[in-house]
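# Architecture at a glance
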Amino acid sequence: MKIAVCVKQVPESQAKRIDPATKRLDRSGDGALNAFDANAIEEALRLKEAEGDGEVVLVSVGPEQALDSLRKGLAMGADRALLVSDPAAAGSDLVATSLALAKALEREQADLILFGQQASDSDGAVLWAAVADRLRLPLVSQAAELTVAEGKARVKRQTEFGYDVIEAPLPAVVAVSDAINEPRYPSLKGIMGAKKKPQESVDAAELGVDSEQLGEAGSKTVVLALGEPPSRGDTLKIEDDGSGAQKIVDFLAEKRLL
C-alpha cells in the first residue's frame, strides 16, 4: 500500500506576523513541521507497519528550505519526500495550493492520502477538502481512528455529539485529528538516515501546471488592507466592598442597559 501524507512547513514561532508590504504571513524566521501533520505521518507509519509492507511519501508545497521540515518526517520513518517548489507559487491561496498538491498527488497515484486536520499558521482546515474535490476522491475528516482492509478505509470520525463510523473505498483522502495518536520521536538512527532518503524537488512545469495558475496570479482571494483591531474603549473596575452588586446595577442603569 502506498500512502501519501501532505505536510506543511509553518513558522516555528507561535506569534503570527503579517508582512505589511506583501500582506502575507511573515515566513522569514525558522520553520518547523506543522504539528498536526506529525499525527498524519505517525498514522501512515502505523498503517504501513500493520500491513508489513508499503511506502510512505511526504508531499508538500513550499520553498526549498521546507525540505528541512520534511526531513523530520523522514526521520520518523517516512520513505521519501516530494516538494513542489517554484518561485511562482509564492503567495498561493487555498485554490492555487490545492492545484499544485493535486497535480503532485496525481503523479504519485497513492492508495491513501492523509492530511493533518489543519495548519497552525492559518488554521484553515479546508485544504484537504479542496484537494479531494480536485482529485474527485472520497473524503473523511476529523479521523480519530483509521483502519484499512479489503480495499476500504474505515474511519471513526469525531463529531459534536460523539462519533460516526464511515467506510470509504480506496483511493481516498482522510484528514486526521490530533486525537488519533501520539507521534513518535525520531531516533538518532532515524535522524541520520533521513539525510540519505530520496528527497525530490519539482517545479510547476514538471507537474504540467502553468505558473499563472499559482501565486497571486492563480489565487482567488485578495487581501485589500491591513488594520489594527479597534480599541476596547474605557473600562471601569468595580471593587467589591460589600456594595459591588449595587454598583453594577447602578452602572447598567446609567448606560440604560436595564
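Residues numbered from 1 in each chain as written. Predicted model: local features only at pLDDT ≥ 70, side-chain atom pairs only at ≥ 80, totals over all residues. Heavy atoms only, no water.

## Here we look at the packing of helix α3 (residues 94-108) against helix α4 (residues 127-135)
Interaxial distance between α3 and α4 falls to 9 Å at its minimum, and their mutual angle equals 55°. Put simply, α3 runs oblique to α4. Note that α3 runs across α4; the crossing there is right-handed. On the side of α3, the interface is formed by Leu 94, Val 95, Thr 97, Ser 98, Leu 99, Leu 101, Ala 102, Leu 105 and Glu 106, while α4 contributes Leu 127, Ala 130, Val 131, Arg 134 and Leu 135. (Axes fitted to C-alpha atoms, helices over the stretch in contact; angles between N-to-C directions. Helix = DSSP H or I, 4+ residues; strand = E, 2+ residues; numbered from the N terminus. Parallel < 35°, antiparallel > 145°, perpendicular 65-115°, else oblique. Left-handed = near helix turned anticlockwise from the far one by under 90°. Contact = heavy atoms within 4.5 Å.)

## Thoughts on the pairing of strand β1 (residues 2-6)
Among the five residues in β1, five count as buried, and that is most of the element. With burial as the criterion, each face of β1 is covered, one bearing Lys 2, Ala 4 and Cys 6 and the other bearing Ile 3 and Val 5. As paired strands, β1 and strand β8 (residues 112-116) are joined by four bridges and run parallel to one another. For Ala 4, the partnering residue across the bridge sits in β8 and is Ile 113. (Buried < 20%, exposed > 50% of the residue type's maximum accessible area, 1.4 Å probe, protein only. Pairing = 2+ DSSP bridges.)

## Observations concerning the environment of Asp 86
Mapped onto the fold, Asp 86 is located in the loop between β7 (80-84) and α3. Residues Asp 86 and Glu 212 lie 126 residues apart in sequence; the distance between their C-alpha atoms is 12 Å. The residues touching Asp 86, leaving out its near neighbours within four places in the chain, are Asp 203 and Ala 204. Within the structure, Asp 86 has its side chain in polar contact with the backbone nitrogen of Ala 204 (distance 3.0 Å). (Polar contact = N/O pair within 3.5 Å; in protein donor to acceptor, adjacent residues only side chain to side chain.)

## Quick look at helix α1 (residues 35-51)
Here α1 spans 25 Å end to end across 17 residues, near enough to the 24 Å set by a 1.5 Å rise per residue. Counted residue by residue, α1 has twelve buried out of 17 residues, so it is predominantly covered. Within two residues after α1, Gly 52 carries a phi angle of roughly 85°, on the positive side. (Expected span 1.5 Å × (residues − 1).)

## Details of the sheet that holds β1
Strand order in the open sheet formed by nine strands is β11-β10-β9-β12-β8-β1-β6-β7-β13, and the pairing between neighbours is mixed. Pairing within the sheet leaves two strands with one partner each, and these edge strands are β11 (162-169) and β13 (199-202). With strand direction ignored, the average angle separating the axes of adjacent strands in the sheet is 30°. Examined bridge by bridge, strand β9 (residues 139-149) and strand β10 (residues 152-159) share six bridges and lie antiparallel to one another. Looking at the pairing, Ala 149 lines up with Lys 152 of β10. In this fold α3 packs onto β1, β6 (55-61), β7, β8 and β13, with an angle of close to 155° to the strand it touches most, β6.

## Describing unusual backbone geometry
Along the chain, Leu 170 connects to Pro 171 via a cis peptide bond; the corresponding omega equals 0°. Tracing the backbone through its elements, the reader meets Pro 171 in the loop between β11 and β12 (172-176). Even without being glycine, Gln 109 reaches a positive phi, approximately 55°. Structurally, Gln 109 can be placed in the loop between α3 and β8.

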